[in-house]
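Structural features, examined
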Amino acid sequence: MPGWFNLFRARSVHGVEQITAGKRVLGILPTVAHCYRVGSTLIDAGPPNHANRVLDHLGNGIEHVVLTHHHEDHVGAAHLLEHEGATVHAPKASLPDLQHPPELLAYQKRVWGRPRPVEAKPIDGKVSTPDLTLETMETPGHGRDHAAFFEPERGWLFSGDAYLGERDILRSCEDLGLLLEDLGTLASLDAEVLFPGHGSVRDDPKSAIEHLQRHYEELRDRAEPLVSSGVDPGEIRSRLLGREGIIRYYTQGDFSKQNLVEELVGLLDADP
Ligand SMILES: [Zn+2]
């Protein structure tokens, strides 16, 4: 597709190796995903269409792969690393979708590629590897199986897709009420650095997370009088967020402003 290019980058950020891979198209979607290596432990595994590139970079030095959730842009190299002898750890709720990857929409195949089956070990509370002891924070707002991981000694928070920064769209799998609860959970941790699945590493986790909470809460407050006076969701979207951009059409509605508005309306209906 014109305008797309492949990105691969590895660099050290706050003592953690950040490996970034994916197809990039500026301003459209968070299509480029990060994984993080600490010694022989890898957290998340990039998109399937960059799996070989990630494996080439890692060589045979990975013994443990820890997945935040089953989404294709986070699990790409997991099956290759498993084949090389690594143990793959994942939230228990991710296991069925890792064993039998769900059907993807056309854009998902184009952007990230199809994941291959992975036999992961279910995470129960903590993940202990020779490099890290990670506390598991269940964060189902992005998707029912999602977990974030917190390393308390160094204050490292690996947030997967539980923190994606300020945006005016939601993915169809996201539940805004749960996302807000998850952000509250993550903000309460004594984190020093936030390593997200997409976007910039943050050295101010608490204020970054609270900023995002406020963003959604302000939208909810602005939607409230419109919902209570019966304005329909399409008009609320138009007034609060403006027109849908190309993302909704490109992703067949998987990402859209309307998803966010419908979640705001749902929140207000549940808690008028
Ligand atoms: Zn995701």
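Notes on the structure follow. (Residues numbered from 1 in each chain as written. Predicted model: local features only at pLDDT ≥ 70, side-chain atom pairs only at ≥ 80, totals over all residues. Heavy atoms only, no water.)

Quick word on the pattern of salt bridges
Per the stated rule, a full pass over the model turns up 12 salt bridges. One salt bridge in this structure joins aspartate 97 and arginine 144, with 2.8 Å as the shortest N-O distance. Placement of aspartate 97 in helix α4 (residues 95-99) and of arginine 144 in the loop between β9 (133-138) and β10 (147-151) is noted, with a sequence separation of 47 residues between them. Between aspartate 204 and arginine 202 there is a salt bridge, with the nearest N and O atoms lying 2.9 Å from each other. For aspartate 204, a relative accessible area of 26% puts it in the partly exposed group. Residues joined by salt bridges that share partners form a network here, namely Glu72, Arg171 and Asp254. (Salt bridge = Lys/Arg side-chain N within 4 Å of Asp/Glu carboxyl O. Helix = DSSP H or I, 4+ residues; strand = E, 2+ residues; numbered from the N terminus. Buried < 20%, exposed > 50% of the residue type's maximum accessible area, 1.4 Å probe, protein only.)

Points about the coordination of the zinc ion
For the zinc ion, every protein donor is listed as His69 (NE2), His71 (ND1), His142 (NE2) and Asp161 (OD), and the spread of their distances is 2.1 to 2.2 Å. Classification of the site at the zinc ion as irregular follows from its 4 donor atoms and the range of 91 to 172° in their angles at the metal. Going along the chain, you hit the donors of the zinc ion in the pattern H-x1-H-x70-H-x18-D. In this pair, histidine 142 sits in the loop between β9 and β10 while aspartate 161 sits in the loop between β11 (156-160) and β12 (170-171), placing the two residues 19 residues apart along the sequence. (Donors = N, O, S within 2.8 Å, 3.2 Å for Na, K, Ca; no water. Tetrahedral: all angles 85-135°; square planar, octahedral: opposite > 155°, others 65-115°.)

A closer look at the side chain of aspartate 182
Within the fold, aspartate 182 resides in helix α6 (residues 176-187). Setting aside anything within four residues of it in sequence, one finds aspartate 182 in contact with Glu138, Thr139, Pro140, Gly141 and His142. (Contact = heavy atoms within 4.5 Å.)

What about the side chain of histidine 74?
Take histidine 74: it is sitting in helix α2 (residues 72-75). Within the structure, histidine 74 has its side chain in polar contact with the side chain of aspartate 73 (distance 3.5 Å). If we ignore the near neighbours within four places in the chain, the residues touching histidine 74 are Asp44, Ala45, Gly46, Leu67, Thr68, His69, Gly160, Asp161, Gly197 and His198. (Polar contact = N/O pair within 3.5 Å; in protein donor to acceptor, adjacent residues only side chain to side chain.)

With respect to the sheet that holds strand β13 (residues 193-196)
In space, the 5 strands of this open sheet follow the order β8-β9-β10-β11-β13, with mixed pairing throughout. Looking at which strands have only one partner, the edges of the open sheet turn out to be β8 (126-128) and β13. Direction aside, neighbouring strands of the sheet carry axes that sit 25° apart on average. Bridge count between β8 and β9: 3 bridges; the pairing is antiparallel. Within the sheet, the bridge partner assigned to valine 127 lies in β9 and is leucine 134. In the packing of α6 onto the sheet, contacts are made with β9, β10 and β11, and the angle to β9 comes to roughly 150°. (Pairing = 2+ DSSP bridges. Axes fitted to C-alpha atoms, helices over the stretch in contact; angles between N-to-C directions.)

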